[in-house]
Structure formats: C-alpha cells, structure tokens
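# Structure at a glance
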Amino acid sequence: MRRRLVGSLVRRKPVTITPKDTLLQAAEKMAAENVGALVVVEADNPNKPVAVISERDIVKAIAIKMPLSTPIEAFMSTGVVSVGEDADVDKAAELMIMHNIRHLVVVNKKGELVGMVSIRDVLRELKSPASP
C-alpha cells in the first residue's frame, strides 16, 4: 500500500491575503480564485502563514452588519492549524476533524507556506483506491 502524502494534494499555488486587506477584498479574491478560504500572510513575509479567512468568517461578519471595508484581521482565524507536506493524508483528516475545519494549511519543514487543502481534497484521496 502506498503512502499518501498531503503535499501531493496541493494542486495550485496558495491564494493569500494580508491582515489589513478588507472583507470585500477577501470575498472578491475567493470568488475570482474559486476557493473557500485564503491563507493570511504578512505583507513582508508571504511564506509565513499567520491566519486563515474562510467563507464562514465572512458570512459571520456580514451577519453582524460589519462594513465590507473592515480589515480581515478582525475576523480571521488565528492559531493556524497546519500540516507538513510530508505527512500522511490520514493525519490531515484527523486534524480537520479535531479542529472542526474544512481547510488545512500545508507547510514545508521550515514552516513555510506550500499551499492549502480542503476537506474535499482529503476525502477524494482517502476514497480513491490505493495503488500497491
């Protein structure tokens, strides 16, 4: 049975945003890139993930009538849950269940941003037949 690595699920360059960008900018970027979450990085260090902003975060902000000009730092989820690119896909699934999240930041051994995987990516991989 082959070992299924999280890094193999990353299919595109990570879509990022900075804490000072607005809720509207985040929503526009998600729509344009067709993603459900963005990795938040500092403007001066685009390889270091500091948070995640998801569709759910934006919906919560809108529900309490926050202006779309509000910086995302007010709603982003800090305490990034990440997984190493060389971790097994089972580990990614375990982290998503444990933290009740649908997106997981993928990092390399240096803690630098590699990408993001969604619950859909993980389920698709776990459901696919393993090659010998």
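Residues numbered from 1 in each chain as written. Predicted model: local features only at pLDDT ≥ 70, side-chain atom pairs only at ≥ 80, totals over all residues. Heavy atoms only, no water.

## So, unusual backbone geometry
Leaving glycine out, the prevailing phi sign among residues is negative, and the prevailing peptide bond configuration is trans. Unlike most non-glycine residues, N34 shows phi in positive territory, near 55 degrees. Tracing the backbone through its elements, the reader meets N34 in the loop between α1 (23–33) and β2 (37–42). Accessibility expressed as a relative area gives 71% for N34, which makes it exposed. Even without glycine at this site, K65 takes up a positive phi of about 65 degrees. Mapped onto the fold, K65 is located in the loop between α2 (55–63) and β4 (77–78). (Helix = DSSP H or I, 4+ residues; strand = E, 2+ residues; numbered from the N terminus. Buried < 20%, exposed > 50% of the residue type's maximum accessible area, 1.4 Å probe, protein only.)

## Here's the deal with the environment of V114
In this fold, V114 is placed in strand β7 (residues 113–118). Here V114 falls in the partly exposed class, since its relative accessible area comes to 23%. For the pair formed by V114 and V10, sequence separation is 104 residues and the distance between their alpha carbons is 7.8 Å. With near-sequence residues (within four places) excluded, V114 lies in contact with V10, P14, E85, V106, V107 and N108. (Contact = heavy atoms within 4.5 Å.)

## Some points on the layout of surface pockets
Taken as a whole, the largest pocket encloses approximately 530 Å³ of empty space. Together, 22 residues line the largest pocket, and N34, V35, H103, S118 and D121 are the ones closest to its centre. Counting only elements with at least two residues in the lining of the largest pocket, the list comes to β2, β7 and α4 (119–127). Contributing to the lining of the second largest pocket are 16 residues, with V52, S54, S77, I101 and R102 lying nearest its centre. Counting residues per element, the ones that place at least two in the lining of the second largest pocket are β3 (45–54), α2 and β4. The biggest single contributor to the lining of the second largest pocket is α2, with 3 residues. Counted by class, the lining of the second largest pocket contains 5 nonpolar, 7 polar and 4 charged residues. (1 Å grid on protein atoms, 1.4 Å probe; cavity = no way out; pocket = protein on both sides within 12 Å on 5 of 7 lines; lining within 4 Å. Points joined across faces, edges and corners; volume = space filled by probe spheres on them. Nonpolar A, V, L, I, M, F, W, Y, C, P; charged D, E, K, R; others polar.)

Bear in mind that shape data such as this cannot, by itself, settle questions of function.
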